[in-house]
Amino acid sequence: MNPFHFSFSSCYFQIMFTAAELGVFDLLRESEEPLTAEAIAEGLGTSHIGMQRLLEACVGLKLLRMEMRDNKGFYGNTALADLYLAKSSPKSQYSDMKFDSELYYPSFQYLADAVREGKNQITSIYESPMKDFFQAIYRSEEGIQLYFGALKNSWILYCREMISEFDLSQFHHICDLGGGSGIFAEEHILSYPNSSVTIFDLPEVVEKAKKNFVALEESQISFQGGDFFKDSVPEADLYILSRILHLWDDEKCMQLLTKLYKACKPGGGVLVIEPVLDEERVKYFGAHFASIKLLVHTDGKTRTPSEHKALLTAAGFKEIQAKHGSVYGALLGRK
Ligand code: SAM
């Protein structure tokens with residue numbers, strides 16, 4: 001990529017997200033055949049001139065394809081847009097893009113300050129003082145919905161893969177700490193029908209998860225509200241920490257892992273799932289991107305497998321195994 005192209009990349013995102021938000025990919029997904037720019041503009045209530053330019057840019061980005069018929073352009077989705085960008089697709093990544101667009105990208109204006117100071121910029125990003133990232137997100141109903149929509153999107157793609165990284169059949173009572181929407185618990189029960197999962201999360205999240213998110217095998221899924229730094233955690237054979245440790249610094253991670261080691265039954269374990277860096281810290285751009293978001297919003301960071309192993313070992317866990325899937329990494333430690 002030449003340097004000129006670097007300044008294009010945030011523009012690429014905006015073009016893609018705008019087309020998704022306006023419903024271009026959904027309209028074309030529902031349509032039996034390709035449509036003209038006029039028909040799309042009319043269907044979505046936009047100007048023709050603006051829609052024409054957006055569609056042409058989307059063709060340039062290979063999100064749409066265009067064919068000429070009688071001197072008129074007809075537009076249709078590419079397979080990628082149909083699967084991931086239409087809101088109506090079961091594998092849609094729209095909520096994830098919306099969260100990036102509304103929360104992360106605007107906050108990148110504070111990235112230089114975060115780099116200069118080496119600390120999060122929560123107090124600059126939010127008008128009123130906020131204790132942490134979660135207090136900021138959870139202060140409104142829309143914030144919770146937006147955050148859980150985004151988390152759910154990525155688990156639609158990667159959850160099954162992460163659960164199958166290790167054979168977890170010997171663990172029957174699972175506690176999913178910071179289990180959020182409950183999607184991981186649902187998938188776990190589908191993979192291990194003889195297990196039960198307690199979702200432990202902040203009380204306001206547990207209330208939402210109970211009502212809105214978990215629809216499957218409820219008898220095998222229970223909930224407990226609390227703060228895993230302050231309150232005692234439920235008894236379990238296996239503790240799942242999925243996308244949790246990267247939110248905190250090493251000291252807080254040690255506090256949590258030590259607590260879990262004490263609560264864990266002998267023979268039990270902890271399963272950590274994270275956007276993990278490779279040992280040379282050069283390979284997985286997704287984990288670096290996550291680390292930049294974390295720098296601006298939290299005291300956390302992404303870590304290498306060795307850094308995770310060091311934390312788990314210091315807390316007492318043994319026989320630590322690490323694996324890397326297509327995007328996320330998983331580590332299993334035993335007591
Ligand atoms: N495990 C889920 C997943 O992988 O999709 C959610 C991960 S989300 C990044 C972090 C979760 O930790 C949120 O659901 C949040 O509410 C929860 N959380 C944050 N602080 C917590 C605390 N002190 N005690 C319990 N849960 C907490």
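Conventions and cut-offs
- Residues numbered from 1 in each chain as written.
- Predicted model: local features only at pLDDT ≥ 70, side-chain atom pairs only at ≥ 80, totals over all residues.
- Heavy atoms only, no water.
- Domains from an automatic or database assignment.
- Contact = heavy atoms within 4.5 Å.
- Buried area = accessible area lost by both parts, 1.4 Å probe.
- Salt bridge = Lys/Arg side-chain N within 4 Å of Asp/Glu carboxyl O.
- Polar contact = N/O pair within 3.5 Å; in protein donor to acceptor, adjacent residues only side chain to side chain.
- Buried < 20%, exposed > 50% of the residue type's maximum accessible area, 1.4 Å probe, protein only.
- Helix = DSSP H or I, 4+ residues; strand = E, 2+ residues; numbered from the N terminus.
- Pairing = 2+ DSSP bridges.
- Right-handed = clockwise from strand over helix to strand, strands pointing away.
- Phe/Tyr/Trp six-rings, centres within 6.5 Å; stacked < 30°, edge-to-face > 60°.
- Lys NZ or Arg CZ within 6 Å of the ring centre and 35° of its normal.
- UniProt positions renumbered as here; feature names shortened; annotations may be inferred.
- Near = heavy atom within 4 Å.
- Nonpolar A, V, L, I, M, F, W, Y, C, P; charged D, E, K, R; others polar.

A. Spatial organisation of the domain arrangement of the protein chain. By domain assignment, the protein chain separates into domain 1 (3-85) and domain 2 (94-334). The C-alpha centroid of domain 2 is placed 35 Å from the C-alpha centroid of domain 1. Residue-level contacts link eight residues of domain 1 with seven residues of domain 2. By the criterion of area lost to domain 2, the three top residues of domain 1 are F13, F17 and Y84, representing 66% of everything that side buries. Our count for the domain 1 to domain 2 interface comes out at one salt bridge. The residue K98 makes a salt bridge to E21 at a minimum N-O spacing of 4.0 Å. Run the count over domain 1 and domain 2 and you get zero residue pairs in polar contact (both at pLDDT 80 or more).

B. Representation of the pairing of strand β3 (residues 173-177). When you tally the buried positions in β3, you get four out of five residues, the bulk of the element. Relative to strand β4 (residues 196-201), β3 runs parallel, the two being bridged by five bridges. Across the sheet, the residue bridging to L177 is F200, located in β4. Running through helix α12 (residues 183-191), the crossover from β3 to the neighbouring parallel element β4 is right-handed.

C. Quick look at the packing of aromatic side chains. Under the defined criterion, the tally for this structure stands at 24 aromatic pairs. With a centroid separation of 5.2 Å and an interplanar angle of 75°, the aromatic rings of F133 and F134 are classed as edge-to-face. On the basis of relative accessibility, which here comes to 12%, the residue F134 falls in the buried class. An aromatic cluster is present here, built from F99, Y104, F133, F134, Y138, Y147, F148, F228, F229 and W248 joined pairwise through their rings. Against the face of W155 rests R243, its NZ or CZ located 3.9 Å from the ring centre. The cationic tip of K335 hangs over the ring face of Y261; the distance from NZ or CZ to the ring centre is 4.8 Å.

D. Summary view of the UniProt feature "active site" (unreviewed entry) in the protein chain. Annotation from UniProt places "active site" (unreviewed entry) at H246. Structurally, H246 is set in the loop between β6 (238-242) and α14 (250-263). On the basis of relative accessible area, H246 is assigned to the buried category, the value being 9%. Once residues within four sequence positions are removed from consideration, H246 is found in contact with E274, P275, L294, T298, G300, K301, T302 and R303.

E. Local environment of the environment of C159. If you trace the backbone, C159 turns up in helix α11 (residues 141-163). Taking the relative accessible area as the measure of exposure, C159 reaches 0% and is therefore buried. Along the sequence, C159 and Q170 sit 11 residues apart, while their C-alpha atoms lie 19 Å from each other. Dropping the residues within four chain positions of it, C159 is found in contact with S154, I183, F184 and E187.

F. Structural context of the site of the ligand. As a structural note, the neighbourhood of the ligand is formed by 20 residues, with Y138, G178, D201, S242 and R243 the closest of them. The contact in question runs from an oxygen atom of the ligand to an N or O atom on the side chain of Y138, over 2.6 Å. If you tally residues by element for the shell around the ligand, the top one is α11, at four residues. Within the shell around the ligand, the residues separate by chemical class into 13 nonpolar, four polar and three charged.

G. Just the pattern of salt bridges, in detail. According to the stated counting rule, one finds 17 salt bridges in the structure shown. Salt-bridge contacts for R65 lead to E67; the nearest nitrogen and oxygen are separated by 4.0 Å. Overall, R65 belongs to the partly exposed group, its relative accessible area being 43%. On the basis of relative accessible area, E67 is assigned to the partly exposed category, the value being 32%. Linking K208 and E141 is a salt bridge whose minimum nitrogen-to-oxygen distance equals 3.2 Å. In this pair, K208 sits in helix α13 (residues 203-213) while E141 sits in helix α11, placing the two residues 67 residues apart along the sequence. Bridged by salt links that share partners, the residues E21, K98 and E102 form one connected network.

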